Amino acid sequence: MPIQAISWSPSGAVRIIDQRALPEAEITRDLESAESVAEAIRQLQVRGAPLIGIAAAMGLVVGTRDIRTAPRSEFLARVAELSDLLANTRPTAINLRWALHRMAGVAQSTLGDGAVVWERLHAEATAIWEDDRAMCRRIGEHGLTILPDGANVLTHCNTGALATGGIGTALAPIYLAHEQGRKVHVYVDETRPLLQGSRLTMWELVHAGIPCTLITDAAAATLMRQAKVDVVLVGADRICANGDFANKIGTYGLAVVARHHGVPFYCAAPWSTVDSSLPDGDLIPIEQRAPGEVTVMAGRPIAPEGAAALNPAFDVTPARYVTGFITDRGLVQPPFSESDP
Ligand code: MRU
């Protein structure tokens, strides 16, 4: 297990690694309320599609622990209110809503007063976290089958232990290959504007002793042209029924360039990332973040004062560019429906 991005603190708070501070400082924060969990998700202190789902489920638990003794109807009303708050922190990753939906199902189906329901919610949040850990491992095992020995992998954003409850999604096959003594090397896109690649993926891989090289986002096309990349592995925040998927801005460009150069392009995600209610990617809500994340870096302006900037946090990659989807249920192809495969 490379790193634990989230856990329960001994006092029952949600313990996170503050990912804004990495790699400069390793700061652990104990979040004592649903509001502070919601704020940590908004600010990307916790991030990555599976991890924000886990955090939201745990946030619901800390947010309701003080009203455990309330009558059932009052307790359930508070669950619904906090669930709305947590669901509305970030719009693109479906895992967030998936986890809260699972929690709501447990709350409604558990008979008894607030204390009984709260205990079940606590167990369910822990189960969501543990299930994700197991899903990551299965994604890793399925992903190993497409990873040649000695592979040069190119990846984008952070899809590792810092983005999940386990060893990650797109990074999971890489962790397993390394664990099994297979040779693997990773080119890591820095991932503008918030640098999840350079700050987080490089931090994880360097800690794990996995050979890796940081590149600017703009260098990826040249490396593919020079035949230095054997496979592109990325994660996803939402996968539609037809296989179009949203992931960190820049993923679409990588997919087009990979196709142009004949490089296999895989998307790795747990089944909780599939939103079969959306027929195609045009319907995915794309988070627009503050322009200041583009015009300011590490507290210093990198554009003139008053410069306008656009900051879509995600893009949509059409399914036709995807060689295959590596999921906990195996290597799959669209179309996807609830009951697949
Ligand atoms: O804005 P972020 O850092 O939460 O974006 C994360 C990504 O885009 C990841 O690639 C995606 O969530 C998959 S994480 C296993």
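How each quantity is defined
Residues numbered from 1 in each chain as written. Predicted model: local features only at pLDDT ≥ 70, side-chain atom pairs only at ≥ 80, totals over all residues. Heavy atoms only, no water. Helix = DSSP H or I, 4+ residues; strand = E, 2+ residues; numbered from the N terminus. Buried < 20%, exposed > 50% of the residue type's maximum accessible area, 1.4 Å probe, protein only. Polar contact = N/O pair within 3.5 Å; in protein donor to acceptor, adjacent residues only side chain to side chain. Contact = heavy atoms within 4.5 Å. Domains from an automatic or database assignment. Buried area = accessible area lost by both parts, 1.4 Å probe. Pairing = 2+ DSSP bridges. Expected span 1.5 Å × (residues − 1). Arc of directions from axis to C-beta. Salt bridge = Lys/Arg side-chain N within 4 Å of Asp/Glu carboxyl O. Phe/Tyr/Trp six-rings, centres within 6.5 Å; stacked < 30°, edge-to-face > 60°. Lys NZ or Arg CZ within 6 Å of the ring centre and 35° of its normal.

Bringing the side chain of Asn-311 into the picture now. One can find Asn-311 in the loop between strand E13 (300–301) and strand E14 (314–317). Its relative accessible area of 5% is what places Asn-311 among the buried residues. In this structure the side chain of Asn-311 is engaged in a polar contact, spanning 3.0 Å, whose partner is the side chain of Glu-293. If we ignore the near neighbours within four places in the chain, the residues touching Asn-311 are Pro-193, Glu-287, Gln-288, Arg-289, Ala-290, Glu-293 and Val-294.

Once that is clear, we can look at the domain arrangement of the protein chain. Once the domains are mapped, the protein chain shows domain 1 (6–138) and domain 2 (143–332). Inter-centroid distance (C-alpha atoms) of domain 1 to domain 2 is 25 Å. The interface is formed by 29 residues belonging to domain 1 together with 38 residues belonging to domain 2. Summing the contributions of domain 1 and of domain 2, the shared interface buries around 2,700 Å²; its carbon and sulfur component is 54%.

Burial of strand E15 (residues 324–327) is two-sided: the residues Gly-324 and Ile-326 facing one way and the residues Phe-325 and Thr-327 facing the other way are all buried. Here three bridges tie strand E10 (residues 265–268) to E15, and the two strands are oriented parallel to one another. Bridge pairing in E15 places Ala-268 opposite Ile-326. Inspection of the sheet shows E15 paired to strand E16 (residues 330–332) by three bridges, in the antiparallel sense. When the bridges of E16 are listed, Thr-327 appears paired with Gly-330. Linkage of E15 to E16, two consecutive antiparallel strands, is achieved through a turn of two residues.

Right, let's talk about the environment of Val-206 for a bit. Take Val-206: it is sitting in helix H7 (residues 196–208). Put simply, Val-206 and Ala-55 are 151 residues apart on the chain and 25 Å apart in space, counted from C-alpha to C-alpha.

Next up on the list: helix H3 (residues 72–87). With 16 residues, H3 should reach 22 Å at 1.5 Å per residue; the first-to-last C-alpha distance of 22 Å fits that figure. Along H3, the positions that sit buried rather than exposed are Phe-75, Val-79, Leu-82, Ser-83, Leu-86 and Ala-87. Along the axis of H3, the buried residues cluster in a sector spanning 130 degrees; they form a single face. In this structure, the buried side of H3 is in contact with helix H1 (34–42), helix H2 (49–64), helix H4 (94–109) and helix H5 (114–144).

Time to look at the pattern of salt bridges. Within the structure shown, the criterion is met by 15 salt bridges. For Arg-78, the salt bridge identified is with Glu-35, shortest N-O distance 3.6 Å. You can see Arg-78 sitting in helix H3 and its partner Glu-35 sitting in helix H1, a full 43 residues away along the chain. Residue Arg-78 is classed as partly exposed on the basis of its relative accessible area of 24%. Notably, a salt bridge pairs Asp-131 with Arg-102, separated by 2.7 Å at the nearest N-O pair. Pair noted here: Asp-131 is in helix H5 and Arg-102 is in helix H4, with a separation of 29 residues, a long-range link. In this structure Asp-131 comes out as partly exposed when scored by relative accessible area, which is 32%. Taking the relative accessible area as the measure of exposure, Arg-102 reaches 22% and is therefore partly exposed. Each of Arg-90, Glu-287, Arg-289 and Glu-293 takes part in a single network of salt bridges with overlapping partners.

Per the stated rule, a full pass over the model turns up five aromatic pairs. Between the aromatic rings of Phe-245 and Phe-325, the centroid separation amounts to 6.2 Å while the plane-to-plane angle is 85 degrees, which identifies the pairing as edge-to-face. Of the two residues, Phe-245 is situated in strand E9 (residues 245–248) and Phe-325 in strand E15; the sequence distance between them amounts to 80 residues. Note on Trp-271 and Phe-336: the rings are 5.7 Å apart at their centroids and 85 degrees apart in plane angle, and the pair reads as edge-to-face. Within this pair, whereas Trp-271 is found in the loop between E10 and strand E11 (274–275), its partner Phe-336 is found in the segment after E16, the two being separated by 65 residues in sequence. One exposure class covers both Trp-271 and Phe-336, and it is buried. Of the aromatic side chains, those joined through ring pairs into one cluster are Phe-245, Phe-265, Trp-271, Phe-325 and Phe-336. One residue, Arg-133, lies across the ring of Trp-129, its end atom 5.2 Å from the ring centre. When the ring centre of Phe-314 is taken as reference, the NZ or CZ atom of Lys-248 above it lies at 4.3 Å.

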